[in-house]
Amino acid sequence: MEYSSQLVEKKWQEFWKENKSFEPSEDFTKEKKYILSMFPFPSGRLHMGHVRNYTLSDAFARYYRQQGFNVLHPIGFDSFGMPAENAAIKNGSHPKKWTYDNIDYMKNEFYSLGFSFSRERELATSDELYTKFEQSFIIDMYEKGLLYRKKGLLNWCPHDLTVLANEQVVDGCCWRCDTPIVKKDMNQYYFKITQYGDELLEDLKGLEGGWPKQVLTMQENWIGKSNGLAFNLFFDDVSLEKLSSAFKSFDVFTTRPDTVYGVSYTALAPEHEIVTYMLENSLLSDEVVSQIVKMKNTSSIERQKEKSGVPLGLNVLHPLTGKTIPVWIANFVLMDYGSGAVMAVPAHDERDFDFAKKYSLEIKSVIKPYEGELSETSAFTEIGELFNSESFNGFNSKEAQAKIIEHFESQNIGKKTTNYKLKDWGVSRQRYWGAPLPFIHCDSCGLVMEKKENLPIALPDDIEITGEGNPLEKHPTWKYCKCPACGGDAVRETDTMDTFVESSWYFLRFCASPQNWEKEAFSAEQIKYWMGVDHYIGGIEHAILHLLYARFFTKVFRDLGYIEFDEPFDKLLTQGMVLKDGAKMSKSKGNTVDPDAIIEKYGADTARLFILFAAPPTQELEWNDSAVEGAYKFIKRFYDRSSNCIKSDFIPSIVHASLSKEEKLARKKVYEALARANDVYNERYTFNTMIAGVMEAMNALNVQTNSDVWSEGYWILTSIMEPVIPHICWQISSEYFGLKNLSPQKVIEEVFVEDSMTLGVSINGKRRAEIEVSQDETNENIIALAKESVFKWLEGQTIIKEIVVPKKLVNIVIKG
């Protein structure tokens with residue numbers, strides 16, 4: 001039969017579905033593997049990045065099933081989020097319909113690619129059942145003090161009447177309507193992730209070896225733990241009078257206490273409470289106010305690009321020298337790190353130096369190099385010797401840090417402090433398509449949790465999405481309810497949750513038994529058996545937020561008594577992007593490749609083979625049409641040559657010693673491919689080298705005609721390749737081996753024992769020939785064969801010495 005990808009693939013996809021071939025067993029005595037790829041947003045169609053991600057996870061899942069493991073390989077959809085609302089605005093469709101239509105389409109694409117997902121554990125995070133369990137968790141977290149509500153400054157679009165994430169602010173304007181954004185003080189719900197800062201940082205050590213070092217470093221930097229000195233800067237009398245004594249001081253933090261004598265100005269964030277007080281009380285000129293407003297309406301990312309500031313007309317006193325220090329507002333000072341105030345030492349900090357140069361502020365050096373002179377054109381930031389530092393003169397700057405902290409503490413003017421860049425996670429979103437926060441506002445009782453028996457708080461379907469404001473806030477009836485505490489009239493919280501909340505625990509939801517899917521978020525028995533995830537696969541772009549939040553939720557759930565482990569993902573594989581013409585695929589660039597078109601023309605197996613063969617998974621993959629064609633041709637040859645096999649339910653028994661040289665080489669190449677496959681799945685993940693080994697084995701099989709060697713070769717090679725090109729391997733296996741070979745295969749060591757060896761023959765050190773001799777050949781016979789092979793160079797010459805280097809070469813020395 002001629003190879004037809006469409007016929008073969010449809011046949012086996014139907015077989016797998018009818019036989020529930022990929023459902024995990026409830027037999028918890030078996031060794032398990034939990035294989036998971038980061039689930040997709042249901043955007044409507046798969047792209048080649050998706051195909052790469054899920055082909056990788058599918059290869060692992062299929063390999064471990066063959067090895068006899070009980071495998072959980074589920075799929076879901078991260079289905080809440082802004083894109084659904086944007087599509088509703090653009091197309092006039094309902095976000096729910098748009099989302100679930102896309103899910104149906106993408107599920108069909110998944111199965112057309114032969115992905116071996118469990119069909120009984122599929123989920124979408126916008127399912128009301130998922131929301132019910134999640135809202136229950138939120139209530140528990142609130143009761144535990146891990147969720148709180150407070151006011152915070154948020155990016156607000158006055159045109160669309162909605163909050164924007166920092167990433168949605170472009171050059172200070174709304175990404176959608178180009179309206180300049182403003183900072184708005186609004187109530188926001190926060191997870192207390194900072195309470196877990198130390199543990200999140202410390203537990204990174206346990207992930208070494210299983211997670212890429214780059215990801216660990218990115219998380220460490222994001223948490224940003226730093227030790228230093230915290231102290232107050234007190235206003236002088238003139239400034240106190242100007243502020244009507246509303247503020248006596250503000251606190252600052254520094255990781256460089258050794259530079260404290262070099263402080264020449266201080267800087268506040270534009271949002272600092274002192275600045276707010278001065279604005280509200282008209283203590284600043286119109287020009288200064290204008291510049292402050294401009295700074296506040298610029299995103300934190302944009303504010304770091306070009307330094308700017310204005311003086312406040314206030315002074316503080318240096319805590320050690322008593323000298324006055326001017327107070328400025330600087331755009332680079334942010335409220336979300338430290339206290340929103342910094343001490344500035346321009347002589348020893350590049351950022352402070354640039355600001356001081358721009359505004360002609362004093363630059364006072366207090367550390368000098370042990371060799372050479374201080375530069376007047378840049379800050380000195382290395383370790384050196386203190387001077388201009390009173391009693392600390394002469395100290396090494398590194399050693400002086402602890403001594404200066406001790407001095408501050410002994411005088412009760414400061415203390416050693418640990419700070420984090422990590423801030424509590426704001427989870428409120430003023431939009432419709434998200435999980436509602438399960439809270440109620442009551443005039444009598446305040447903020448009240450909904451009763452768990454009333455969950456889920458589901459979204460109303462009858463809404464109108466215009467892109468302006470929060471549709472839940474405008475709904476005529478949805479938000480009005482009774483208070484669960486007093487029974488009086490109350491109003492529901494109309495904020496919905498950040499979609500990162502859903503993706504922070506979905507891997508646990510897959511650990512619910514199908515029998516109890518409706519009753520519990522996950523089963524204690526299943527959690528204990530399946531977790532942690534053995535292989536987690538996804539893009540490096542999720543290295544910080546998703547992976548950090550998932551780790552945080554795991555620790556919270558542990559502390560709430562739901563689970564008993566600390567970390568969710570044992571091994572992490574971050575795959576590279578798929579490129580075309582050297583650039584990331586995107587519709588705007590017109591360089592996308594439609595997976596459906598590839599499947600229709602070549603078949604799913606071809607797409608999978610190309611994806612795994614073109615590059616190691618952690619590297620970028622460049623799309624190559626001719627390589628796709630080459631993958632198709634290989635699969636066709638692979639199927640055609642299976643006709644050399646003999647049908648059998650057992651691997652042939654072969655007497656290796658009786659085989660020809662070509663037959664022995666073919667067996668060796670087959671078992672080399674098998675050994676390489678085991679190494680690839682368990683250690684290296686370089687599928688391209690495994691596939692190359694299979695191709696070498698195919699070439700070696702092709703130069704011999706022994707049907708037993710062919711059958712043994714295909715018994716093993718179809719087993720190796722089934723995780724990569726499953727449809728054709730199941731077809732070949734069913735035709736010749738009754739599917740019995742899709743099971744663990746053992747490497748036979750005898751095939752690697754060489755009967756002969758090849759030796760180089762040199763004359764006076766110059767290689768002239770090669771000879772093949774048996775492994776136990778005597779030196780006398782080796783020399784005789786060597787002489788015979790180079791006879792024309794020895795004729796008429798006088799041989800001085802004959803040297804045999806065991807298993808390498810023969811060197812014959814002749815008289816010059």
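Residues numbered from 1 in each chain as written. Predicted model: local features only at pLDDT ≥ 70, side-chain atom pairs only at ≥ 80, totals over all residues. Heavy atoms only, no water.

Peer 1: In this structure, what is going on with the overall build of the chain? I would like to understand it.
Peer 2: When its secondary structure is counted, the chain shows 26 helices and 34 strands. By its C-alpha atoms, the chain is 110 × 80 × 50 Å across when sized along the principal axes. Within the chain, buried positions represent 54% of all 816 residues. Here the contacts in the chain between residues at least 6 apart in sequence split such that 71% fall between residues at least 24 apart. Of the accessible surface of the chain, which amounts to about 36700 Å², a share of 48% is contributed by carbon and sulfur atoms. Taken together, the 93 basic and 116 acidic charged side chains of the chain have centroids lying 2 Å from each other. (Helix = DSSP H or I, 4+ residues; strand = E, 2+ residues; numbered from the N terminus. Buried < 20%, exposed > 50% of the residue type's maximum accessible area, 1.4 Å probe, protein only. Contact = heavy atoms within 4.5 Å. Areas by Shrake-Rupley, 256 points an atom, 1.4 Å probe, with all protein chains shown as cover. Lys, Arg positive; Asp, Glu negative; His and termini not counted. Charge placed at Lys NZ, Arg CZ, Asp CG, Glu CD.)

Peer 1: Please clarify how the sheet that holds strand 34 (residues 809–814) should be interpreted in this entry.
Peer 2: Read across the open sheet, the four strands follow the order 32-31-34-33; overall the sheet is mixed. The open sheet has two edge strands with one neighbour each: strand 32 (766–774) and strand 33 (799–805). Across the sheet, the mean angle from the axis of one strand to that of its neighbour is 20 degrees, orientation sign disregarded. Looking at chain direction, strand 33 and strand 34 are connected through six bridges and run antiparallel. Within strand 34, the residue paired with Ile-799 across the bridge is Ile-814. (Pairing = 2+ DSSP bridges. Axes fitted to C-alpha atoms, helices over the stretch in contact; angles between N-to-C directions.)

Peer 1: Just checking my understanding: could you explain the nonpolar core for this structure?
Peer 2: The tendency in soluble globular proteins is for nonpolar side chains to be buried side by side. One finds Phe-687 and Leu-717 to be the most contacted residues of the largest nonpolar core, which totals 90 residues. Considering every element that reaches this core, the biggest residue donor is helix 2 (residues 48–66), with nine residues. Residues contacting Leu-717, with those up to four places away along its chain left out, are Phe-638, Val-670, Ala-673, Val-694, Ala-697, Met-698 and Leu-701. Among the nonpolar cores identified, the runner-up in size contains 79 residues, and Phe-133, Leu-207, Phe-439 and Val-501 belong to it. (Core = buried A, V, L, I, M, F, W, Y, C linked by side-chain atoms within 4.5 Å.)

Peer 1: Can you walk me through the environment of Ile-783 in this structure?
Peer 2: Looking at where Ile-783 falls in the secondary structure, it is placed in helix 25 (residues 779–789). Judged by its relative accessible area of 16%, Ile-783 is buried. As a C-alpha pair, Ile-783 and Gln-6 span 777 residues in sequence and 60 Å in three-dimensional space. Those residues in contact with Ile-783 that sit more than four places away from it in its chain are Glu-802 and Val-804.

Peer 1: Can you help me understand the packing of aromatic side chains in this one?
Peer 2: For the coordinates displayed, the defined rule picks out 69 aromatic pairs. On the numbers, 3.7 Å between centres and 5 degrees between planes, the contact of Phe-39 with Tyr-506 is stacked. One end of the pair, Phe-39, is in the loop between strand 1 (32–37) and helix 2; the other, Tyr-506, is in helix 15 (residues 506–509), and 467 residues separate them in sequence. One exposure class covers both Phe-39 and Tyr-506, and it is buried. When the centroid spacing of 5.3 Å and the interplanar angle of 75 degrees are considered together, the rings of Tyr-681 and Phe-687 count as edge-to-face. A relative accessible area of 1% means that Tyr-681 is categorised as buried. By relative accessible area, which is 1% here, Phe-687 ends up buried. Lys-33 extends its terminal NZ or CZ atom over the ring of Phe-69, reaching a point 5.4 Å from the ring centre. Its guanidinium or amino end placed over the ring of Phe-387, Lys-368 lies 5.4 Å from that ring's centre, counting from NZ or CZ. (Phe/Tyr/Trp six-rings, centres within 6.5 Å; stacked < 30°, edge-to-face > 60°. Lys NZ or Arg CZ within 6 Å of the ring centre and 35° of its normal.)

Peer 1: What exactly am I supposed to notice about the pattern of salt bridges here?
Peer 2: Working definition: two side chains of opposite charge can pair if their charged atoms are close together. As enumerated under the stated definition, the model contains 39 salt bridges in all. Ionic pairing is found between Asp-594 and Arg-45, a salt bridge with its closest N-O pair at 3.3 Å. With Asp-594 in the loop between strand 29 (583–584) and helix 18 (595–601) and Arg-45 in the loop between strand 1 and helix 2, this residue pair connects regions lying 549 residues apart in the sequence. Looking at Asp-594, the relative accessible area reads 31%, which means it is partly exposed. Each member of the salt-bridge network shares a partner with another, and the members are Glu-199, Asp-203, Arg-551, Lys-555, Arg-558, Asp-559, Asp-566 and Glu-567. (Salt bridge = Lys/Arg side-chain N within 4 Å of Asp/Glu carboxyl O.)

Peer 1: Explain the pairing of strand 26 (residues 535–539) to me, please; I cannot follow it from the model alone.
Peer 2: Put simply, side chains in a regular strand alternate between the two faces of the sheet. Counting buried residues in strand 26 gives five out of five residues, a clear majority hidden from the surface. For strand 1 and strand 26, the ladder comprises three bridges, and the chain directions are parallel. In the sheet register, Ser-37 faces strand 26, and the bridge partner there is Ile-537. In this sheet, strand 27 (residues 572–575) lies alongside strand 26 in parallel orientation, the contact comprising four bridges. Pairing of Tyr-536 across the sheet is with Leu-572, part of strand 27. Taking the sense of rotation as the criterion, the β-α-β connection linking strand 26, helix 17 (residues 545–559) and strand 27 turns out right-handed. (Right-handed = clockwise from strand over helix to strand, strands pointing away.)

Peer 1: What's the story with the pairing of strand 1 in this structure? I'm lost.
Peer 2: Within strand 1, six of the six residues are buried, which leaves the element mostly enclosed by the surrounding structure. Burial along strand 1 is two-sided: the residues Lys-32, Tyr-34 and Leu-36 and Lys-33, Ile-35 and Ser-37 are all buried. Note that strand 1 and strand 2 (residues 70–72) share three bridges and pair parallel. Following the sheet pairing, Lys-32 is matched in strand 2 by Asn-70. Read from strand 1 through helix 2 to strand 2, the crossover connection turns out right-handed.

Read these as geometric descriptors, not functional statements.
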